[in-house]
Amino acid sequence: WYPDGMAQVTDHRHDIWTILVSLGASRVLNVDYARVLMEDGDAILFGTQKHGVPVAAPSQGGRLSLVFMFQPDAQVERACLRLAGQDVPGYVKRERAPEDYDDVDDWHG
């Protein structure tokens, strides 16, 4: 919980991946050397990059961050890096099996 713009988290890193959901007032999130404006309802996925929330204007409203941390398997990690535009050796795009396209009516049991 960030009650106002003076609340901050110094830059740090984790050995696991993070999905962060921002609720409330807009705040800047530092991710490595990028500054990302997180607005109400925004979500971001990042790996082990250094990240933090710098001080903002004292009059800025409150903000809540929902943080989910996880360790991706190797294929998920390669896919995320590929989506980020990196050439990833060993990345193999998974094709959906025909049974993944079942009729919508079957979902209702």
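The structure presented is a predicted model; accordingly, all values stated were derived computationally and were not measured.

Trainee: Quick one: what's the story with the overall build of the protein chain, residue by residue and with numbers?
Mentor: In terms of regular secondary structure, the protein chain is built from one helix and seven strands. The order of α-helices and β-strands along the protein chain, N terminus first, is β-β-β-β-β-β-β-α. Within the protein chain, residue pairs in contact and separated by at least 24 positions form 65% of the contacts whose partners lie at least 6 positions apart. A total accessible area of about 7,600 Å² is found for the protein chain, and carbon and sulfur atoms account for 54% of it.

Trainee: I'd like a rundown of the sheet that holds strand S3 (residues 27-31), residues and numbers included.
Mentor: An order of S1-S6-S3-S4 is seen for the four strands of this open sheet, with the pairing classed as antiparallel. What marks the edges here is a single partner per strand, and that holds for strand S1 (9-12) and strand S4 (34-38). For this sheet the average axis-to-axis angle between neighbouring strands, irrespective of direction, equals 20 degrees. Pairing of S3 with S4 involves five bridges; the strand directions are antiparallel.

Trainee: Summarise unusual backbone geometry; cite the residues concerned and give the values.
Mentor: The backbone of Asp 32 sits at a positive phi, close to 55 degrees, despite the residue not being glycine. Within the secondary structure, Asp 32 is located in the loop between S3 and S4. Overall, the relative accessible area of 32% leaves Asp 32 in the partly exposed class.

Trainee: Before we move on, can you summarise the sheet that holds strand S7 (residues 63-70) with the specific residues and values?
Mentor: An order of S5-S2-S7 is seen for the three strands of this open sheet, with the pairing classed as antiparallel. Looking along the sheet, the strands with just one partner apiece sit at the ends: strand S5 (43-46) and S7. Between one strand and the next, the sheet's axes are offset by a mean angle of 15 degrees, whatever the strand orientation.

Trainee: Please set out the side chain of Asn 30 residue by residue, giving values where relevant.
Mentor: Of note, Asn 30 is situated in strand S3. Among the residues examined, Asn 30 registers a relative accessible area of 12% and is labelled buried. Discounting chain neighbours no more than four positions away, the residues touching Asn 30 are Asp 11, Arg 35, Lys 50, His 51, Gly 52 and Pro 54.

How each quantity is defined
- Residues numbered from 1 in each chain as written.
- Predicted model: local features only at pLDDT ≥ 70, side-chain atom pairs only at ≥ 80, totals over all residues.
- Heavy atoms only, no water.
- Helix = DSSP H or I, 4+ residues; strand = E, 2+ residues; numbered from the N terminus.
- Contact = heavy atoms within 4.5 Å.
- Areas by Shrake-Rupley, 256 points an atom, 1.4 Å probe, with all protein chains shown as cover.
- Pairing = 2+ DSSP bridges.
- Axes fitted to C-alpha atoms, helices over the stretch in contact; angles between N-to-C directions.
- Buried < 20%, exposed > 50% of the residue type's maximum accessible area, 1.4 Å probe, protein only.

Without other data, these values stay purely geometric and don't point to any function.
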